[in-house]
Amino acid sequence: MQCLSVRRETTCETHKVYRQKLEELNNLQASCSSSIRKQKRKLKDLKYSLQRCKHTSNPEESDLIQQINTQIKDRQNVFFDMEAYLPKRNGLYLNLVLGNVNVTLLSNQAKFAYKDEYEKFKLYLTIILLLGAVACRFILHYRVTDEVFNFLLVWYYCTLTIRESILISNGSSNLTSRTLSCSPQWFLSFCKYWRIVRLVLAELMTRVQSRAGFMLLSHVVDSDKSCVRSWDFQKRIKGWWVSHHYVSTFLSGVMLTWPDGLMYQMFRNQFLAFSIFQSCVQFLQYYYQSGCLYRLRALGKRNHLDLTVEGFQSWMWRGLTFLLPFLFFGHFWQLYNAITLFELSRHTECKEWQVFVLALTFLLLFLGNFLTTLKVVHTKLQKNKAEMKKL
């Protein structure tokens, strides 16, 4: 009993220390969040002031303004990385689904674990959906099994959008800077830079149009170049590749409500065949993108929070271009689905509203997927062409 009493007292003391540290952590989080908001507001004011002065500046001053704007963008992305480790308000979608719950993961280990779980979820569900589509297409010709398959699609895409929203809140955004470990030396240099910016901001409106004002700003930039790191802005999750999951959720929900009948049976086999092909392509994308990301992370060219996507991004150019024909074929199959449904909607026996709505949804998916992939390929070709000219 005496031993148990000592252990209980030790546990209580440890818990008391834990509560104190937790309160200190909450205070530090609130302090950091408040400081970042104020500094972001002042950077915004500085950027607005530079925009006003840009119209009356000469070429030399315009170049200097451009340099300062680049520095401001760097600082804004630094704050974004800092905020990835601080509690923040959820977006509209997460508020509707989860409420005002803090979904910020405070350690890199927790972020990477959740990201790996997300990738495994996509892989396992892709395999299950592939098997389900094959079974419904060739074995189970029942409306009930089709409903189960469509319900699984709705649940999959709903869960995917929630998990992606949580990952975006933790740093895997569609336009983010690479994750950076802020060393104390770097942070002190950054604070020094910000103190100088605060001093300059007070005099900016009165002095920026004069040469003396621009020389002062030039001194700020030059004195801080030693502490500015080169940033590699990468797109981790393309905006459309997130948005198209919401569209796919809507499409799956409409398919789920489509009653059995002549129109449904005329489109059923085509939809299931498309689902089989789509699952196969998604499996290939996961398999080869995972290997490519592993190599790029080892070389330091990609971030550990970068995700596999159901599309094509610029980092896939080397080694994954063989996937482009499959992707474009899938995009045009979506267009074919839209055309088929438009024709069915004009059928004399068509009375379901789902036919026309599904046609519009497939058309939207085709336009978004095709144009986004085409833009990535065009941008990469233009970049390669410009690099060849420099050589």
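About the criteria used
The residue count restarts for each chain, going from 1 along the sequence in the order it is written. Predicted model: local features are reported for residues with pLDDT of at least 70 only, side-chain atom pairs are reported and counted for 80 or more only, and whole-chain, interface and lining totals are derived from all residues. As a rule here, side-chain values cover all heavy atoms of the structure and leave hydrogens and water aside. Working convention: axes come from line fits to C-alpha atoms, limited for helices to the stretch in contact. Angles between N-to-C directions cover 0 to 180 degrees. Secondary structure counts use DSSP, requiring at least four H or I residues in a row for a helix and at least two E residues in a row for a strand, with both numbered from the N terminus. Should an angle fall under 35 degrees it is taken as roughly parallel, and over 145 as roughly antiparallel, whereas 65 to 115 is taken as roughly perpendicular and any remaining angle as oblique. Take the far helix as the reference: if the near one is turned anticlockwise from it by less than a right angle, the crossing is left-handed, and if turned clockwise, right-handed. Polar here means any residue other than Ala, Val, Leu, Ile, Met, Phe, Trp, Tyr, Cys and Pro, which are nonpolar, and Asp, Glu, Lys and Arg, which are charged; Gly is therefore polar. A score between 0 and 100, pLDDT records how confident the predictor is in each residue. Residue contacts are counted whenever heavy atoms from the two residues lie within 4.5 Å of one another. Nonpolar core, defined: a set of buried Ala, Val, Leu, Ile, Met, Phe, Trp, Tyr and Cys residues in which side-chain atoms within 4.5 Å join the residues together. When a residue's accessible area, from a 1.4 Å probe over protein chains only, is under 20% of the maximum for its type it is buried; when over 50% it is exposed; and in between it is partly exposed. Any carboxyl oxygen of Asp or Glu within 4 Å of a side-chain nitrogen of Lys or Arg constitutes a salt bridge here. Stacked, tilted and edge-to-face are the three classes applied to pairs of Phe, Tyr and Trp rings, where Trp contributes its six-membered ring and a pair requires centres within 6.5 Å; stacked means planes under 30 degrees apart, edge-to-face means over 60, and tilted covers the rest. In this scheme, the term charge over a ring applies when either NZ of a lysine or CZ of an arginine sits within 6 Å of the ring centre and within 35 degrees of the ring normal.

With respect to the packing of helix 10 (residues 324–345) against helix 11 (residues 353–390)
In step 1: Interhelical geometry of helix 10 versus helix 11 gives an angle of 155 degrees and a closest axis separation of 8 Å. Of the possible angle classes, the one that applies to helix 10 and helix 11 is roughly antiparallel. Pair helix 10 / helix 11 crosses with left-handed handedness.
In step 2: Broken down by class, the residue content of the contact of helix 10 with helix 11 amounts to 20 nonpolar, six polar and no charged.

Let's talk about the confidence of the model for the protein chain
In step 1: Looking at the protein chain, pLDDT values average 76 and 74% of them are 70 or higher.
In step 2: Strand 2 (residues 233–234) is the least confidently modelled element of the protein chain, averaging 32 in pLDDT, while helix 10 averages 93, the highest of any element.
In step 3: Segment residues 173–237: pLDDT under 50, and 127 contacts once partners within four positions in sequence are set aside and those in other chains are kept.

Looking at the nonpolar core
Within soluble globular proteins, side chains that are nonpolar tend to cluster in buried spots.
In step 1: With 48 residues, the main nonpolar core has Phe-149, Met-255, Trp-258, Phe-267, Phe-271, Leu-341 and Phe-362 as its most contacted residues.
In step 2: Going through the elements one at a time, helix 4 (108–138), helix 5 (143–169), helix 8 (239–257), helix 9 (262–298), helix 10 and helix 11 are the ones with two or more residues in this core.
In step 3: The element best represented in this core is helix 9, accounting for nine residues.
In step 4: Contact partners of Phe-271, with chain neighbours within four places excluded, come to Phe-149, Asn-150, Leu-153, Leu-251, Met-255 and Phe-362.
In step 5: Counting twelve residues, the second largest nonpolar core, distinct from the first, contains Ile-65, Ile-68, Val-78 and Leu-86.

Section: the side chain of Glu-352
In step 1: Its location among the elements puts Glu-352 in the loop between helix 10 and helix 11.
In step 2: Once residues lying within four places of it in the same chain are set aside, the contact partners of Glu-352 are Trp-258, Pro-259 and Met-263.

Considerations on the packing of helix 1 (residues 2–54) against helix 2 (residues 59–83)
In step 1: Interhelical geometry of helix 1 versus helix 2 gives an angle of 160 degrees and a closest axis separation of 10 Å. Judged by the inter-axis angle, helix 1 sits roughly antiparallel to helix 2. At the point where helix 1 passes helix 2, the crossing takes the left-handed sense. When helix 1 is examined against helix 2, the residues Ile-36, Gln-39, Lys-40, Leu-43, Leu-46, Lys-47, Leu-50, Gln-51, Cys-53 and Lys-54 are found in contact with a partner set consisting of Ser-62, Ile-65, Gln-66, Ile-68, Asn-69, Ile-72, Arg-75, Gln-76, Phe-79, Met-82 and Glu-83.

Overview of the pattern of salt bridges
In step 1: A complete count under the given rule lists four salt bridges for this structure.
In step 2: For the salt bridge of Arg-163 with Glu-117, the shortest nitrogen-to-oxygen distance reads 3.9 Å. Within this pair, whereas Arg-163 is found in helix 5, its partner Glu-117 is found in helix 4, the two being separated by 46 residues in sequence.
In step 3: Residue Arg-163 is classed as buried on the basis of its relative accessible area, which comes to 16%.

What to know about the environment of Asn-150
In step 1: Note on placement: Asn-150 falls in helix 5.
In step 2: Every residue in contact with Asn-150, bar those within four places of it in the chain, is listed here: Ser-252, Met-255, Leu-256, Tyr-264 and Phe-271.

Things to note about the environment of Asn-369
In step 1: One can find Asn-369 in helix 11.
In step 2: C-alpha of Asn-369 to C-alpha of Phe-332: the two residues are 37 residues apart in sequence and 9.7 Å apart in space.
In step 3: Contacts of Asn-369, omitting those with residues within four sequence positions, involve Trp-240, Trp-241, His-244, His-331 and Gln-334.

What about the packing of aromatic side chains?
In step 1: With the rule as written, the count across this model stands at 18 aromatic pairs.
In step 2: A centroid spacing of 5.3 Å and a plane angle of 65 degrees characterise the contact between Phe-332 and Phe-370, whose relative ring orientation is edge-to-face. Of the two residues, Phe-332 is situated in helix 10 and Phe-370 in helix 11; the sequence distance between them amounts to 38 residues.
In step 3: Plain terms: the ring middles of Phe-366 and Phe-370 are 5.4 Å apart, the flat faces sit at 15 degrees to each other, and that makes the pair stacked. Residue Phe-366 and its partner Phe-370 are located together in helix 11, separated by four residues, close to a single helical turn.
In step 4: For Phe-366, a relative accessible area of 8% corresponds to the buried category.
In step 5: The class for Phe-370 is buried, based on a relative accessible area of 18%.
In step 6: Among the aromatic residues, those joined into a cluster by ring pairs are Trp-258, Tyr-264, Phe-267, Phe-271, Phe-274, Phe-277, Phe-329, Trp-333 and Phe-362.
In step 7: A cation over a ring is seen here: Arg-163 above Phe-121, with NZ or CZ 4.4 Å from the ring centre.

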